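Notes for the structure review
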Amino acid sequence: MHGAALTHTIFLPDGAAVVEMFPRAGTWRVFQHLARMRGLGHESWFNGDEGAIRTDVNGEYIPVDAAAVAAAFRKAVAGVR
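For the structure given in this document, a descriptive report is provided here. (Residues numbered from 1 in each chain as written. Predicted model: local features only at pLDDT ≥ 70, side-chain atom pairs only at ≥ 80, totals over all residues. Heavy atoms only, no water.)

Across its full length, the chain carries two helices and four strands. For the chain, the α and β elements follow one another from N to C terminus as β-α-β-β-β-α. Taking the principal axes of the C-alpha coordinates as reference, the chain spans close to 40 × 25 × 20 Å. By the burial criterion, 30% of the 81 residues in the chain qualify as buried. In the chain, 58% of the contacts between residues at least 6 apart in sequence involve partners at least 24 apart. When the accessible area of the chain is evaluated, it comes to approximately 5200 Å², of which 59% is carbon and sulfur surface. Here the chain carries 8 positive and 8 negative side-chain charges, and the mean point of each set is 8 Å from the other. (Helix = DSSP H or I, 4+ residues; strand = E, 2+ residues; numbered from the N terminus. Buried < 20%, exposed > 50% of the residue type's maximum accessible area, 1.4 Å probe, protein only. Contact = heavy atoms within 4.5 Å. Areas by Shrake-Rupley, 256 points an atom, 1.4 Å probe, with all protein chains shown as cover. Lys, Arg positive; Asp, Glu negative; His and termini not counted. Charge placed at Lys NZ, Arg CZ, Asp CG, Glu CD.)

To continue, consider the packing of aromatic side chains. By convention here, two paired aromatic rings are described through the distance between centres and the angle between planes. Across all of its chains, the model carries one aromatic pair by this definition. Ring centres 4.8 Å apart and planes at 15 degrees place the aromatic pair Phe22 and Phe46 in the stacked group. One end of the pair, Phe22, is in strand S1 (residues 17-22); the other, Phe46, is in strand S2 (residues 41-46), with 24 residues separating them in the sequence. Residue Phe22 is classed as buried on the basis of its relative accessible area of 5%. Looking at Arg54, its charged tip hangs above the ring of Tyr61, at a distance of 4.3 Å from the centre. (Phe/Tyr/Trp six-rings, centres within 6.5 Å; stacked < 30°, edge-to-face > 60°. Lys NZ or Arg CZ within 6 Å of the ring centre and 35° of its normal.)

Take the environment of Trp45 next. Relative to the elements of secondary structure, Trp45 occurs in strand S2. Expressed as a C-alpha distance, the spacing of Trp45 and Asp65, which sit 20 residues apart in the sequence, is 9.4 Å.

Here we come to the pattern of salt bridges. Evaluated as defined, the whole model comprises two salt bridges. Of the charged contacts, one joins Arg54 and Asp56 as a salt bridge, the two residues approaching to 3.8 Å between their closest N and O atoms. Judged by its relative accessible area of 48%, Arg54 falls in the partly exposed class. Assessed through its relative accessible area of 31%, Asp56 is described here as partly exposed. (Salt bridge = Lys/Arg side-chain N within 4 Å of Asp/Glu carboxyl O.)

The following block contains the structure:
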């Protein structure tokens, strides 16, 4: 899921790809730009059902559409320079 650990993008090997997963729709593109500057593939996945997000004392639980995320990975890999 989207977070500061995406800064590890700078250490990925050449030919790697990044799929940035957002719990809510947004336009923060810092990691997209970082990946592109490095020549890495990049795609974003946005949770399309914010009403399905469940919250409790431990945090948020975001449903993930596995087929959509797999498609984003395929597209990200195809975008590698």
